[in-house]
Amino acid sequence: MKKVLQGLLSAGLIVGLLAGCAGGSQPASTSSAGAASAAADGAKTIRIAAVDPQVPLDMQQCTYSIVMRITDNVAESLVTCQKDGTLAPLLLEEMPKLSDDKKTYSFTLKSGVKFHDGTTLTSSDVKYSLERLVKEQSMASLMKYVVGYDAMEDGSASELSGIKAVDDTHFTITLSQVYSPFVSVLSTPYAAIYPKAACEAAGKDWGVKTLIGTGPFKLDSYTAGTGAELSKFSDYHGGDLKIDKVSYKFIEDPNTQVLEYQKGNVDFVDLDNSLYPVYSTNATLKDQMHSYQQAGGYYFNFNVKTIKDPKVREAVSLAIDRKSICDSVLHGTASVPTSFIPSGLIGHDPDAQPFAYDPEKAKSLLAEAGYANGFDLRVTVNTKLSLGKSIATAFQQEAKAAGINVTVEPVDSAAWSDMKKNGGMECSISNWYVDYNDPDSMLYPISDSRTDTVSSFWHNDKFKQLMNDGIDTDDTAVRQKIYEQAETILTRQDYAIAPLINETKFYLLNSKVTGFEIDSTDRMNFTKADIQ
Amino acid sequence: MVSYISKRIVQTAVVLLGISLVTFLLLQVVPGDPVALMLDRRADPATIAAVRHQLGLDLPLPQQYLNFVNGVIHLDLGNSYFTKAPVFASLFRAFQVTLKLASLSFLFAIVLGISCGMIAALYRGKWLDSSLMTLSIIGVSAPSFWIAIILQIIFGLKLNLLPISGFDTPIAYILPSIALGTRYAGSIARITRTSMLDVIKQDYIRTARAKGAKRRAVIIHHALKNAMIPIITLVGTELGNMLTGSMLIEKVFSIPGIGKLAVDSMSNRDLPLLEGTVMYIALVFVVVNLLVDISYAFIDPRIRYGKGAAS
Amino acid sequence: MKKFFSFFNKQKKFEEDILNGEMEYSSYYKDSLKRFRRNKAAMFCLSIIVLLGLVALLASIVAPYDPSYQDYTSVLAQPSAKHWFGADEYGRDILSRIIYGTRVSLSIGIFAQLLASIIGITLGAVAGYFGGIVDSVISRIMEIFSAFPDLIFAMAIMTFMGKGVLNLYIALGLLTWVRTARMIRGAVIQLKEKEYVEASRASGGTSFRIIVKHLIPNCLSTIIVLVTLGIPNAIMYEASLSFLGLGIQPPTPSWGNMISAAQSVIGFLPVYSIMPGIAIMITVIAFNIFGDGLRDALDPKLRT
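Note that the coordinates shown come from a computational prediction; the quantities given were computed from them, not determined experimentally.

Calculation rules
Residues numbered from 1 in each chain as written. Chains lettered and ligands numbered in written order. Predicted model: local features only at pLDDT ≥ 70, side-chain atom pairs only at ≥ 80, totals over all residues. Helix = DSSP H or I, 4+ residues; strand = E, 2+ residues; numbered from the N terminus. Rg over C-alpha atoms; globule rule 2.2 N^0.38 Å. Buried ≥ 20, exposed ≤ 12 C-beta atoms within 10 Å, placed from the backbone. Contact = placed C-beta atoms within 7 Å. Expected span 1.5 Å × (residues − 1). Pairing = 2+ DSSP bridges. Axes fitted to C-alpha atoms, helices over the stretch in contact; angles between N-to-C directions. Domains from an automatic or database assignment. Nonpolar A, V, L, I, M, F, W, Y, C, P; charged D, E, K, R; others polar. pLDDT = per-residue confidence, 0-100. Left-handed = near helix turned anticlockwise from the far one by under 90°.

Here we take up the overall build of chain A. A count of helices and strands for chain A gives 17 helices and 22 strands. What you see for chain A is a C-alpha radius of gyration of 26 Å, in line with the 24 Å of a compact globule of 532 residues. With the principal axes as the frame, chain A shows a C-alpha extent of 95 × 70 × 45 Å. In chain A, which comprises 532 residues, the proportion classed as buried is 50%. Sequence separation of at least 24 residues holds for 70% of the intrachain contacts in chain A that already meet a minimum separation of 6.

Rendered as structure tokens:
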């Protein structure tokens, strides 16, 4: 018996030795366990499943929508877009006044708006923030019609001379040409207003360790791989808040995100469209499924250098059975578009017909173009866009009917952006959504200065002229006509692109959470949210 | 021994340098531009050029590489292009997570593997033996990510017993540890069984038995002690594997360890972070191999066998 | 320097045994065959492998549907008489896709291993035979390859060359050659001191001739065992890469990318994830036990 014990002991010793390193690391794991139990103290916390952005939380530097989902509650822009698509003042007393030459806007800041660090919002913070937007490069082009932009871009000036602070609450912005969507631009998350002193002091830590704004929630912590914690800002200028905390939990895998929701560990999770039947048939979850329509959708972006003949591009468009994709592969969660400019935006033609599916006509068009024996098409998809992959897989089979032989080329995001930049794509499944509710934002990826950078190379003088005319007036009826014309050239004459689908986005939301919505520009707002 | 070890250290340095060069060159030939990716929707040539300049990516390639090597010599791996955080800090954070996961799955694999192997050897040829060995070969042959998904569904969702993601509570490590450890448990069980049977057949066992000791006590005492040697060898290399993180398991369970860091930095083409991660993984690999080699020099199974027989 | 390679002890033992066996060459293989036949588990696994091979070759006859045919009326259909294992997110028959997946998995296992063997045998034999600086350079290259994180390396190659079956063969071949090279190198070092090699060298044989005519044939059983045990390894790699979305290009079915696609609907259509996993498991088990049996038969003294 003694020997048995001895044997077991020696075995135990070895196991113990090997486990030694495990023991050493245990205290660390218990110390970080606090977050999950914080809800027990009666604080109202909304927990959101999110993907780790892995970048600073600063939309001026990193324009990912997953960053915006967090920063939107912390930092605010001067104006905000309402549910009906109209703009409303947020940090302003009233909407800005436009001068007679339609180039100078006068603003009056709401008085007494506090930043999270206790300082008061002033005109100099606005000037600083909008200039920083230019300095940070990513979205600098939003300010390109502001006087002094070119000087700042070429380095000869360190400020935008077009932005003038009159006093602490009054300032003016002067444009170099009429640009009617400018106030819309100011509603984007890129034009968030930061406190000058704190932002300068934080330097490279801005968005990493500190992020201060005027928003309803303060950023308490942002931990890579773990999550971001926000808590109520008691001095919020927009009134009292009902919830105390917003907690973003970084869960990489989308399937794991949904599983965590089902376990009740998060209150909000985005849903992939392909999962629709899984949840719409689930008795408990189907009522927790909500949807919203983001203005924009998926489209084929043709490289007109390699696919020169518009007839071929038209044939490709006719070979897509959009209705089957929407109804079967996407389970009715997407609709067949009638135009590239989605409804709700100026320039959308309500009478337009859905893009047609006609493989026979496609065949004859290809024959006219000299491809009677079939046409080879390379379709590039970004592996990060699961809808893009679904569309490509379905299209690959559908296209056979029109004699189009499709090769799908899946690439990762880094290779995708590189190929776009270098013009290496023949036809790609891209998606685009507006930054602000204006056709000017919708048509941005195919505007004349952009097509060479997105592997399209499409240039059309008439279209370019219409795009310029469109921002030159603020008469809605005139703009409607202009953009309708532009749309026709784009998708029914030149076939520079072929719109594919407009998808509905889905999310699961804990039924206890009320007063929460996502708008058509994908922005989340917890100002009115509550937990029952 | 000292000259041998110092020689090995020099060789290790050469290998690490080679690995850093391979990593550097790989990222030059693989399509993908971190700057275009970072700038996302509105990347245009002028902006890209400006950001490339900020990051020092406009320098000639040899210069970039030398700058990196110079940094490594001064123990500075640089900052990530994306997070802007120092690579050392990111590596250390990921390492802590991976270490916890590795230790736990290691413990799981050893305890389960050795006990199954022992039981199987003791009941050699019986149904218990064959069912345990069938289980262990299934463990070795099933893809770990598949086991992970099945575990998530059964224990996480259907039975609602354990967390299915995260790493902030100790119990969150249970499922990933099992998913990661199953494969190793299977091989440890098989090795334990084989080496125990080998030992059982040896003469000294028969001798000890002749002395009248109880059969089981003899087997456990002598056999297990000797079977440990091949197990420790195996375990040494597998610890290395675990410490370098499992990309698949970390993906399924959303655990921000070394494996996830490696995959993320590769898909972002984040050169400094990738260099740091790859060099860390290579270093663990080389060091573990070195230790295994050295331990071979110290532990010679035959000498131990002799001693065991004498006691 | 000798000590540096001490961790090949095990292999050396193996090679010595084969060398001893070499003296009675023909009876060695006869004995091995006899031993192998007695191993019932290995024989059973061999028949499974043959069956899998037949399924792969005759996939178009065995499979009830075209694996890429999308039947929009049965998207995510549950298992039924029409679709035994149900249908996937595009209405493709899952059973047919698993059957065609056999083709991908087996071909990857075999071709990736062939490539790995060619690279491994060549470099291993060259390093072992010439020694000196050639050996040092090849050994460092081997160390760099084995210390480099394998999935990262595969990711880089797949991104560089583009996704596709052929590229996957190359990527996995490049990933797994080191083990073969190490063993062959060790075996060649042992062999080259043997009398017949000396004799051949004395009678003016070229290095190439000596390697091809004498050294490689003598390592044959090592190579056979390595290739057999390497196949399940390559199959696992393929599954892992496809799971990470880096493997086979759609619409070609592979077990790994099926599990990956099935993950999101696992609660809804569990067979979709379970069946490809079982397919991988059966194939890997069959090759592992068969390989073990082969090793035991070729060299009864060798066990790990």
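Every contact between the two is made by 33 residues of chain C and, on the other side, 38 residues of chain B. Taken together, the elements giving at least two residues each to the side of chain C that touches chain B come down to helix H6 (132-147), helix H7 (150-161), helix H11 (220-243) and helix H13 (270-298) of chain C. It is H13 of chain C that provides the largest number of residues to the side of chain C that touches chain B, a total of seven residues.

As a further point, take helix H4 (residues 123-135) of chain A. Along an α-helix, a turn takes 3.6 residues, which lines up residues three or four apart on a common side. Residues and elements named next belong to chain A. Compared with the 18 Å implied by 1.5 Å per residue over 13 residues, the 18 Å span of H4 between its first and last C-alpha is a close match. All of the buried residues in H4 are Ser 123, Asp 125, Val 126, Tyr 128, Ser 129, Leu 130, Glu 131, Leu 133 and Val 134. Residues of H4 that are buried sit in contact with helix H5 (149-153), strand E6 (163-165), strand E7 (170-174) and helix H7 (196-202). Backbone geometry just downstream of H4 places Gln 137 in the positive-phi region, at approximately 70 degrees.

This part covers unusual backbone geometry. Residues and elements named next belong to chain B. Positive phi, normally seen in glycine, also occurs at Lys 84, with a value near 65 degrees. Along the chain, Lys 84 falls in the loop between helix H4 (61-73) and helix H5 (87-122). Residue classification places Lys 84 among the partly exposed positions, given that 15 C-beta atoms sit within 10 Å.

All names here are of chain A. With antiparallel pairing, four strands are arranged side by side in an open sheet as E4-E5-E7-E6. At either end of the open sheet lies a strand with only one pairing partner, and these are strand E4 (97-98) and E6. Direction of pairing for strand E5 (residues 104-108) relative to E7: antiparallel, over a ladder of five bridges. Residue pairing for E7: Thr 104 is matched across the bridge by Thr 174. Here H4 sits on the sheet in contact with E6 and E7, set at roughly 160 degrees to E6.

Interfaces are frequently sized by the accessible area removed from exposure as the parts join. Residue and element names in this part refer to chain A. Each domain of chain A was delimited in the assignment, giving domain 1 (76-219) and domain 2 (296-504). Facing the 11 residues of domain 1 at the interface are 11 residues of domain 2. In terms of residue class, the side of domain 1 that touches domain 2 is built from five nonpolar, five polar and one charged.

So, on to the confidence of the model for chain C. All names here are of chain C. Scored by pLDDT, chain C has a mean of 81; 87% of the residues are at 70 or more. pLDDT under 50 marks residues 1-15. Its contacts with residues more than four places away, or in other chains, come to 23 contacts. The ipTM, which scores confidence in the relative placement of chains, is 0.80 for this predicted complex, and the corresponding pTM is 0.81.

Residue and element names in this part refer to chain B. In contact at an axis separation of 9 Å, helix H7 (residues 144-158) and helix H8 (residues 174-201) are set at 145 degrees when each is read in the N-to-C sense. In the crossing of H7 with H8, the sense of the turn from one axis to the other is right-handed. Counting all contacts with H7, which are made through Ser 144, Ile 147, Ala 148, Leu 151, Gln 152, Phe 155 and Gly 156, the residues of H8 involved are Leu 175, Ile 178, Ala 179, Leu 180, Thr 182 and Arg 183. Residue composition of the contact of H7 with H8, by class: eight nonpolar, four polar and one charged.

Next up on the list: the pairing of E7 of chain A. Residue and element names in this part refer to chain A. Only one face of E7 is buried, namely the one carrying Phe 171 and Ile 173, since none of His 170, Thr 172 and Thr 174 on the opposite face is buried. Across three bridges, E6 lies against E7 in antiparallel orientation. Following the sheet pairing, Ala 165 is matched in E7 by Phe 171. Counted between consecutive antiparallel strands, the loop separating E6 from E7 contains four residues.

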